[in-house]
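Chain by chain, the residues run as shown.
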Amino acid sequence: MYEIELKAHIDSVFEIEERVKPFAQYLGACEKSDVYWSRRNPGAGQKEISIRIREEKSEHHISCVATYKRKELRQDHDGGAYEVNDEQEFSIDNRSAFEFFLKDDGLIPVLNKHKRVRQWKTADVLIELCDVDCLGAFIELEILSRSSAADDVSHATAQLYDVLSRCGVPLSAVEPRYYSEMLCESGNGGCDV
């Protein structure tokens, strides 16, 4: 499954929330705590990989998921940045056992990220209004696609830009960097812990 997404800086989650309410269905609120694991010094024949372990807590549910992504950052002809990620994920029912496996395979925790999220959904677009520790407020828009073909991606990004516009967020607010890059650049998030 391919995840086509973008994120943009916003001044206030609650301000944008008022603009989202008329056209999207509210799904709920949650907190997402991520730990990124990486093989920092790959040996001969080993490639650099990164795995995210996410604990997600909502009012009635707690889940733990491991995610491996092949990430690609793209820009459209107007300079807008978006991601097309080949995402593979699975549920973890024993986090400590999985972390033990990662350590034995030479991976270490390198980054922490925590965000409080309020979610909405249109027919195709997941809308998340996020307060990310150390980074501030963001709107994240995401469409899941079975394909990363140019026509599919173009159609999806047009939908994302439409929702962004309906929320009153200018294209200039789109953030081209990954959260991990921003956290490392800010000196927060526990890079190289």
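Everything below is about the structure printed above this text.
I will try to describe carefully the structure that is included in this document. This structure is a prediction, so every number in the text was calculated from the model and none was measured. (Residues numbered from 1 in each chain as written. Predicted model: local features only at pLDDT ≥ 70, side-chain atom pairs only at ≥ 80, totals over all residues. Heavy atoms only, no water.)

## Quick look at the overall build of the chain
(1) Moving on: Each helix and strand counted, the chain has 4 helices and 9 strands in total.
(2) Moving on: Reading the chain from its N end, one meets helices and strands in the order β-α-β-β-β-β-β-α-β-β-β-α-α.
(3) Moving on: The C-alpha radius of gyration of the chain comes to 17 Å, within 12% of the 16 Å expected for a compact globule of 193 residues.
(4) Moving on: C-alpha atoms of the chain, sized along the principal axes, occupy 50 × 40 × 30 Å.
(5) Moving on: The buried share among the 193 residues of the chain stands at 46%.
(6) Moving on: Considering only residue pairs separated by 6 or more positions, the chain has 65% of its internal contacts joining residues 24 or more positions apart.
(7) Moving on: Carbon and sulfur atoms make up 48% of the accessible area of the chain, which totals about 10,300 Å².
(8) Moving on: The average position of the 24 basic charges and that of the 36 acidic charges among the side chains of the chain differ by 2 Å. (Helix = DSSP H or I, 4+ residues; strand = E, 2+ residues; numbered from the N terminus. Rg over C-alpha atoms; globule rule 2.2 N^0.38 Å. Buried < 20%, exposed > 50% of the residue type's maximum accessible area, 1.4 Å probe, protein only. Contact = heavy atoms within 4.5 Å. Areas by Shrake-Rupley, 256 points an atom, 1.4 Å probe, with all protein chains shown as cover. Lys, Arg positive; Asp, Glu negative; His and termini not counted. Charge placed at Lys NZ, Arg CZ, Asp CG, Glu CD.)

## Digging into the pattern of salt bridges
(1) Moving on: Inspection of every chain in the model, using the stated rule, returns 17 salt bridges.
(2) Moving on: Measuring nitrogen to oxygen at the nearest pair gives 2.7 Å for the salt bridge that ties Arg116 to Asp133. Of this pair, Arg116 sits in strand E7 (residues 108-121) while Asp133 sits in the loop between strand E8 (126-132) and strand E9 (136-145), placing them 17 residues apart in sequence.
(3) Moving on: The partner of Glu185 in a salt bridge is Arg177, with the nearest N and O atoms 2.4 Å apart.
(4) Moving on: Using a relative accessible area of 29% as the deciding quantity, one classes Arg177 as partly exposed.
(5) Moving on: In the salt-bridge network here, residues are joined through shared partners; they are Glu3, Glu5, Lys69 and Glu87. (Salt bridge = Lys/Arg side-chain N within 4 Å of Asp/Glu carboxyl O.)

## Re helix H4 (residues 179-186)
The α-helix advances 3.6 residues per turn, and as a result positions three or four apart in sequence lie on the same side.
(1) Moving on: Buried residues of H4: Tyr179, Met182 and Leu183, and no others. One side of H4 carries all its buried residues, which in axial view fall inside an arc of 100 degrees.
(2) Moving on: On its buried face, H4 is in contact with strand E1 (2-9), E7, E8 and E9.
(3) Moving on: Once H4 finishes, Gly187 follows within two positions and takes phi at roughly 80 degrees, a positive value. (Arc of directions from axis to C-beta.)

## Re the environment of Gly106
(1) Moving on: With respect to the element layout, Gly106 can be found in the loop between helix H2 (95-104) and E7.
(2) Moving on: Of the residues examined, Gly106 reaches a relative accessible area of 39% and is grouped as partly exposed.
(3) Moving on: If we skip the residues at most four places from it in the chain, Gly106 touches Ser38 and Arg39.

## Some remarks on H2
(1) Moving on: Burial in H2 covers these residues: Phe98, Glu99 and Leu102. For H2, the buried positions fall inside an angular range of 100 degrees around the axis, keeping them on one side. Facing away from the buried surface of H2 by more than 90 degrees, the exposed residues are Ser96, Phe100, Lys103 and Asp104.
(2) Moving on: Where the residues of H2 are buried, they touch strand E2 (25-38), strand E3 (50-58), strand E4 (62-70) and strand E6 (81-91).
(3) Moving on: Gly106 sits one or two residues past H2 and shows a positive phi near 90 degrees.

## Section: the side chain of Thr157
(1) Moving on: Looking at the element boundaries, Thr157 is found in helix H3 (residues 150-166).
(2) Moving on: Beyond its immediate sequence surroundings of up to four residues, Thr157 is in contact with Ile4 and Tyr82.

## Thoughts on the packing of aromatic side chains
(1) Moving on: The tally for this structure, following the rule as stated, stands at 4 aromatic pairs.
(2) Moving on: Their ring planes at 90 degrees and their centres at 5.2 Å tell us that Phe138 and Tyr179 sit as a pair that is edge-to-face. Here Phe138, found in strand E9, pairs with Tyr179, found in helix H4; they are 41 residues apart in sequence, far enough to count as distant. This pair shows no difference in class: Phe138 is buried, exactly as Tyr179 is.
(3) Moving on: Positioned over the ring face of Tyr179 is Lys7, at 4.9 Å from the centre of the ring.
(4) Moving on: Over the ring of Phe23 we find Arg166, and its NZ or CZ is 4.0 Å from the ring centre. (Phe/Tyr/Trp six-rings, centres within 6.5 Å; stacked < 30°, edge-to-face > 60°. Lys NZ or Arg CZ within 6 Å of the ring centre and 35° of its normal.)

In short, shape yes, function no, at least from these values alone.
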